[in-house]
Amino acid sequence: MTVPVPQSTGPRPLDLQPGGAGTPPRWLARCLASALLSAPVLLHAQDVGPPTLPGRDPRPPVLVPPGQSAPLLQAPSNLRPPVAPSQAGPTPRIRVREIRVTGNTVFSASDLEPITTPYLGRDVTAEDLSALRQALTLKYVNAGYINSGALLPDQKVAEGVVEFRIVEGRLSDITV
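The sections below set out a description of the structure shown in this document. A quick note: this is a predicted structure, and the numbers were derived from the prediction, not measured.

Rules of the game
- Residues numbered from 1 in each chain as written.
- Predicted model: local features only at pLDDT ≥ 70, side-chain atom pairs only at ≥ 80, totals over all residues.
- Heavy atoms only, no water.
- Patch = residues over 30% accessible without salt bridge, like charges linked within 9 Å, V, L, I, M, F, W, Y side chains within 5 Å.
- Areas by Shrake-Rupley, 256 points an atom, 1.4 Å probe, with all protein chains shown as cover.
- Salt bridge = Lys/Arg side-chain N within 4 Å of Asp/Glu carboxyl O.
- Helix = DSSP H or I, 4+ residues; strand = E, 2+ residues; numbered from the N terminus.
- Buried < 20%, exposed > 50% of the residue type's maximum accessible area, 1.4 Å probe, protein only.
- Core = buried A, V, L, I, M, F, W, Y, C linked by side-chain atoms within 4.5 Å.
- Contact = heavy atoms within 4.5 Å.
- Axes fitted to C-alpha atoms, helices over the stretch in contact; angles between N-to-C directions.
- Parallel < 35°, antiparallel > 145°, perpendicular 65-115°, else oblique.
- Left-handed = near helix turned anticlockwise from the far one by under 90°.
- Nonpolar A, V, L, I, M, F, W, Y, C, P; charged D, E, K, R; others polar.

Topic: a nonpolar patch on the surface
In step 1: A contiguous nonpolar surface patch, about 430 Å² in accessible area, is contributed by Leu171, Ile174 and Val176.
In step 2: Turning to its location among the elements, isoleucine 174 is positioned in the segment after strand S5 (161–167).
In step 3: Given the relative accessible area of 61%, isoleucine 174 is considered exposed.

Below you can see the structure in the form of structure tokens.
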């Protein structure tokens with residue numbers, strides 16, 4: 001005995017919902033909406049590991065292929081071996097009578113005086129001179145001259161005169 005299979009011309013199961021033809025069930029729509037809305041929360045909740053220290057790169061170093069020479073790296077000049085307390089002497093100081101700033105065209109000497117004046121007429125250390133160099137550089141950087149800065153060249157301080165050299169960077173070309 002063969003039973004005829006009636007062909008359905010009526011509505012499909014998804015069409016039986018109150019929203020009309022072709023709308024998915026409300027529970028399915030709610031599940032999809034909550035999944036999509038909670039995705040950013042889940043992404044932000046991921047643990048990225050411990051924070052890294054400034055200047056430390058957690059990525060492995062790039063390996064140099066055989067036959068090629070590795071780039072030369074130089075240690076920063078301000079790193080010195082630790083001095084044992086018994087060998088440590090007094091910190092060398094110099095009496096600053098005058099601070100000469102050369103190479104500056106953006107700012108006049110009177111513009112830089114508020115930065116240099118606190119160092120005049122007193123005994124300063126190398127750290128003090130480094131702080132002054134950084135303050136002069138920040139004057140330029142904060143004014144928008146991000147490729148300019150102050151240098152403290154090697155020099156013999158004669159009669160308390162310390163020279164700082166300003167290097168004012170110039171934009172040579174713009175390529176768009």
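Still to come is the rest of the account.
Let's talk about the pattern of salt bridges
In step 1: Summed over all chains, the structure comprises 3 salt bridges.
In step 2: Put simply, glutamate 98 and arginine 100 hold a salt bridge, and the shortest N to O gap is 3.2 Å.
In step 3: Across the pair aspartate 128 and arginine 122 runs a salt bridge, and its minimum N-O distance is 3.6 Å.

Regarding the nonpolar core
In step 1: Membership of the largest hydrophobic core comes to 15 residues, with the highest contact counts inside it found for Ile99, Leu132, Leu136 and Phe164.
In step 2: Secondary-structure elements contributing two or more residues to this core are helix H2 (109–116), helix H3 (126–142) and S5.
In step 3: If one sorts the elements of this core by residue count, H3 sits on top with 4 residues.
In step 4: Other than its neighbours up to four places away in sequence, leucine 132 contacts Ile99, Ile115, Thr116, Tyr119 and Phe164.

Comments concerning the packing of H2 against H3
Two quantities define a packed helix pair, namely the angle between the axes and the distance from one axis to the other.
In step 1: The interhelical angle for the contact between H2 and H3, taken along N-to-C directions, is 140 degrees, at an axis separation of 10 Å. Between H2 and H3, the interaxial angle falls into the category oblique. Of the two elements, H2 crosses H3, and the hand of that crossing is right-handed. Contacts between H2 and H3 involve Asp111, Leu112, Ile115 and Thr116 on the former and, on the latter, Leu132, Ala135, Leu136 and Lys139.
In step 2: For the contact of H2 with H3, the class distribution of residues is 5 nonpolar, 1 polar and 2 charged.

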